[in-house]
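# Examination of the molecular architecture
Spelled out, the chains give:
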Amino acid sequence: MIKNFIISGSGGQGILSIGTVLANIFMLNDLFVSYCPCYGAEMRGGAVNCEINMSNEELLSLQNEKADYVIALNQTSLDKFINKVKKNGTIIVNSSLAKIEKTRNDIKYIFAPLTQEALKLGNIKIANSIALGILSKITDNFSIEKVKKAYEKILKNKTELIQKNIEAYLFGYNYLQERIQ
Amino acid sequence: MQIFSTPKSIKKDSSFSFCPGCDHGIAVKLVAQIIDEMNLQDKTIAIASSGCSVTLYNFLDVDCIESPHGRACAVATGVKRAHKANGKEMFVFTYQGDGDFASIGLSESLHSALRGENITAICINNTNYGMTGGQLGPTTVLGQITTTSPMGRNIEYHGFPIKTAEHVALCEGSAFSARVALYDIKNIINAKKQIKKAFECQLKGYGFSFVEILSNCPTNWKLSPLDSHKKIENELSKIYPIKVFKDITND
Amino acid sequence: MKEKTLLKGNIAIAKAALNCGCSCYFGYPITPQTEIGEYLSFEMQKNNLAYVCAESEIGAINMALGAASVGAKVMTSSSSCAVSLMQETLSYACSDELPIVLVNVMRAGPGQGYIFPSQGDYNQTTIGGGNGDYHIISLSPSSVQECVDMTYKAFYLAQKYKNPTILLVDGLLGQTAEPCILFDNPYKEIDNSSWALTGAKNRPSRKIHSLEPSQNKLNKHILNLKNKYDLIEKNETDYEKYMCDDAEIILTAFGSLARAVKAVVNSFREKGLKAGLFRPKTLYPFPYDALKKIASQAKAIIDIEMNLGQMLRDVKLGVLSDSKVYFIGKPTGNWLKKEEIIDSVENILKENYANI
């Protein structure tokens, strides 16, 4: 079982942070994982993205053409990565900063106003963690302890910030279910 | 009666391979005498460079490494810092020509001075590339004929020479910068005094110390040793003043 | 057992260097290896170790030469076009017999090229741009874990053979984070008290130099170096072979690209095609003999690289017949994907081997 992820957005949206959190979650669950931040011409300028690959056996491909799951936190990254979603794959779109528009009918779209929801939770910077929560819900059922540990690895001893992010993550995790109900 | 003898820090089985009448021999002897007087022989690591100065390790009886052309100050930085990381203060100096220090190695040299690297650099300035047969170098003076400036150095065609000691003095990290000469006894005594001061600066941890030795090159200048010294006295020392440009121990 | 950490290749190298006692680092920034110097700048200053933000790569490698001459464990890191600047001193260090560890995290060339990932420095590393009869030991990691293991090994081999050692890292691997374990350094310390420049106290003075005006002495010195290189070739050649024993098609690759090639081998095996992977872990010394043995029974050898065929030359030398050696590669950019490689291999087989 191999799964590929792309997380994308603009500088300041915490793209690389939740990328590393996700990679750490996989590692803490004893899965094989690679994490590669955007690398190349995009390094300078607004766009940021990273690629995460996960497997339950030795991971052989570090760079992949397409991903099973894509998170796009703004319009630019939606435009850039929509065609990188594999057939039957899923894209999570931040509808606060991107149009609700389905240009493909062979993939699954999840639109959520992540920035607005983050503001409601009291911190615009945790939109990324809401997205990560949604992603977790539709991919794997990881124990919250390990998620917390992954956040601690990245945010070290910023206790308050960790708490806020976990809150956002859990909000995201329950987001779809609540909407469906 | 004064008995002259070979300094302890000169290898017993060696003889200088410099051209007859060349100031390199005097310079190496002065360095060896100071190493003896300051009791530095077993604490010294010398950095030889490319050019006539390269064979230093054949004469000086101290640990010595030869550096690639121009890189002596960088090698010295590595030697000094590596020992320091190991908790040891060693005495580290480079012995270079003007081509090595001020042309190919100007970047390494000036950056060591700018960092205030606690090393000493001795630069023999003989206004040409001696070992390769006397070509135009960074310090070749205006009008000087060399094998690559057959009509004399010319501002429009070749550009200006560099005044090394003055440049080093301008670096905030340098503690000491002087130009000395070896054309008579008075100057030799002064040269020894200034080299000693430069060494002391390092021992006290003051930063980069530098002595430019205005030297002759009788072979390539095609002059007798005596006439070459007269040239330094009457012409070159007017262009390259014999002077201490910076000495923070005086401030 | 130490716990797993998610580390970028660059950081893993820096941590491993500190772990095995590297006390000196000199460097100049260049993407994509800058994190190594950034990480060490804090750790080394904190621990009173030697760290200089050198004025240039030329300055950096020469500081490394100086530090190596006193017996310190020294490392510098750089990338491709800037490693070009270090070639002169690498040749000196070989003649001086000084242990320097140089990490080259490759970017695309020639010239300034760009920071895209590439494997374009195979020739620079194994053949080199310095003068004279010399070799530089070269290790090629394919994962972040191997970045750790091979950093330890690079220091060990450099000290053991008193020779510069290059850790040749794909730009992609330097930037990619994977879980890895920072084991303790498994190698024994090498005693360098017989040659290091520590001051001539209670012993004769020492000189380290490459200049040698005596023809006889210079010949003898170069022949001694050659004997050492023979020994390195005999003792230190290292490679990975995967499903090679019965393979009819051998795929060769180095660095992290070899992992994608391994996935290709798995795919072919599922389809019933007997494919195998041969990956040199030491680029110098190159495992010619091992490859020759494996290749003798294979019908085709296909070399795959992120360059236009640099290791290909060594592969041909190993196989000793270019009639069955083929090449797949591209100069830079996204790593060749498993699917692209499969297509290319199948095309080669279709064109040349009707019956495979």
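Nothing here was measured: the structure is a model prediction, and the numbers come from that model.

### A look at helix 9 (residues 215-236) of chain C
Residue and element names in this part refer to chain C. Over its 22 residues, helix 9 extends 31 Å from the first C-alpha to the last, a length consistent with the 32 Å expected when each residue adds 1.5 Å. Those residues of helix 9 not exposed but buried are Leu 225, Lys 228, Tyr 229, Ile 232 and Glu 236. The buried residues of helix 9 all sit within an arc of 100° when viewed along its axis, so they share a single face. Every exposed residue of helix 9 that faces more than 90 degrees away from the buried side is listed here: Gln 215, Asn 216, Lys 220, Leu 223 and Lys 234. Those residues of helix 9 that are buried are in contact with helix 5 (87-96), strand 6 (137-139), helix 7 (144-161) and strand 13 (282-284).

### Points about the confidence of the model for chain C
The predicted coordinates of low-pLDDT regions are not to be read in fine detail. When pLDDT is averaged along chain C, the result is 96; 99% of the residues meet or exceed 70. Across the interface, the model reports ipTM at 0.92; the global pTM reads 0.93.

### Examining a nonpolar patch on the surface
All names here are of chain B. On the surface, a cluster of nonpolar side chains totalling about 290 Å² of accessible area is made up of Leu 142, Ile 155 and Phe 160. Structurally, the position occupied by Phe 160 is in the loop between helix 6 (155-158) and helix 7 (164-170). You can call Phe 160 exposed: its relative accessible area is 59%.

### Examining helix 10 (residues 257-270) of chain C
All names here are of chain C. Taking 1.5 Å per residue as the helical rise, helix 10 with its 14 residues ought to reach 20 Å, and the 20 Å between its terminal C-alpha atoms agrees with that figure. Burial analysis of helix 10 places eleven of its 14 residues in the buried class, the great majority of the element. The set of residues buried in helix 10 consists of Leu 257, Ala 258, Arg 259, Ala 260, Val 261, Lys 262, Ala 263, Val 264, Val 265, Ser 267 and Phe 268. With its phi angle positive at about 90°, Gly 272 sits one or two positions after the end of helix 10.

### With respect to the domain arrangement of chain C
Residue and element names in this part refer to chain C. According to the domain assignment, chain C contains domain 1 (4-188 + 210-236) and domain 2 (240-352). Centre-to-centre separation of domain 1 and domain 2, based on C-alpha positions: 27 Å. In this assembly, 32 residues from domain 1 lie in contact with 24 residues from domain 2. Taken over both partners, the interface formed by domain 1 and domain 2 buries close to 2,300 Å², and the fraction arising from carbon and sulfur atoms is 54%. By the criterion of area lost to domain 2, the three top residues of domain 1 are Gln 119, Tyr 122 and Ser 142, representing 31% of everything that side buries. In this structure, the connection of domain 1 to domain 2 is made through two salt bridges. The salt bridge involving Arg 279 is made with Glu 146; its shortest N-O contact spans 2.7 Å. Counting across the domain 1 and domain 2 interface gives 20 residue pairs in polar contact (both at pLDDT 80 or more). Broken down by secondary-structure element, the contributors of at least two residues to the side of domain 1 that touches domain 2 are helix 6 (122-126), strand 6, helix 7, helix 8 (171-175) and helix 9. Considering each element in turn, the side of domain 1 that touches domain 2 owes the most residues, four residues, to helix 9. Looking at side-chain class alone, the side of domain 1 that touches domain 2 contains 16 nonpolar, ten polar and six charged residues.

### A closer look at the environment of Gln 75 of chain A
Residue and element names in this part refer to chain A. Locating Gln 75 in the fold gives a position in helix 2 (residues 75-81). Here Gln 75 falls in the partly exposed class, since its relative accessible area comes to 21%. Setting aside its immediate chain neighbours within four residues, Gln 75 contacts Leu 97, Ala 98 and Lys 99.

### A few points about empty space enclosed by the protein
Summed over all chains, the structure comprises two cavities of 30 Å³ or more. Roughly 60 Å³ of internal volume is contained in the largest cavity. Forming the walls of the largest cavity are Lys 73, Tyr 152, Phe 155, Tyr 156, Gln 159, Asn 185, Tyr 187, Lys 188, Glu 189 and Ile 190 of chain C. Estimates place the volume of the second largest cavity at around 40 Å³. In terms of lining residues, the second largest cavity is bounded by Leu 60, Ser 61, Leu 62 and Gln 63 of chain A together with Ser 256, Ala 260, Trp 335, Leu 336 and Lys 337 of chain C. Split into classes, the residues belonging to the lining of the second largest cavity amount to five nonpolar, three polar and one charged.

### Some thoughts on the pattern of salt bridges
Using the criterion set out here, one finds 37 salt bridges over all chains in the structure. With its nearest N and O atoms 2.8 Å apart, the salt bridge here joins Arg 269 of chain C to Asp 246 of chain C. Here the residue Arg 269 of chain C occupies a position in helix 10, and Asp 246 of chain C occupies one in the loop between strand 10 (239-242) and strand 11 (249-252), the gap between them amounting to 23 residues. It is possible to trace a salt-bridge network through shared partners that takes in Glu 58 of chain A together with Glu 146, Glu 240, Lys 262 and Arg 279 of chain C.

Parameters at a glance
- Residues numbered from 1 in each chain as written.
- Chains lettered and ligands numbered in written order.
- Predicted model: local features only at pLDDT ≥ 70, side-chain atom pairs only at ≥ 80, totals over all residues.
- Heavy atoms only, no water.
- Helix = DSSP H or I, 4+ residues; strand = E, 2+ residues; numbered from the N terminus.
- Expected span 1.5 Å × (residues − 1).
- Buried < 20%, exposed > 50% of the residue type's maximum accessible area, 1.4 Å probe, protein only.
- Arc of directions from axis to C-beta.
- Contact = heavy atoms within 4.5 Å.
- pLDDT = per-residue confidence, 0-100.
- Patch = residues over 30% accessible without salt bridge, like charges linked within 9 Å, V, L, I, M, F, W, Y side chains within 5 Å.
- Areas by Shrake-Rupley, 256 points an atom, 1.4 Å probe, with all protein chains shown as cover.
- Salt bridge = Lys/Arg side-chain N within 4 Å of Asp/Glu carboxyl O.
- Domains from an automatic or database assignment.
- Buried area = accessible area lost by both parts, 1.4 Å probe.
- Polar contact = N/O pair within 3.5 Å; in protein donor to acceptor, adjacent residues only side chain to side chain.
- Nonpolar A, V, L, I, M, F, W, Y, C, P; charged D, E, K, R; others polar.
- 1 Å grid on protein atoms, 1.4 Å probe; cavity = no way out; pocket = protein on both sides within 12 Å on 5 of 7 lines; lining within 4 Å.
- Points joined across faces, edges and corners; volume = space filled by probe spheres on them.

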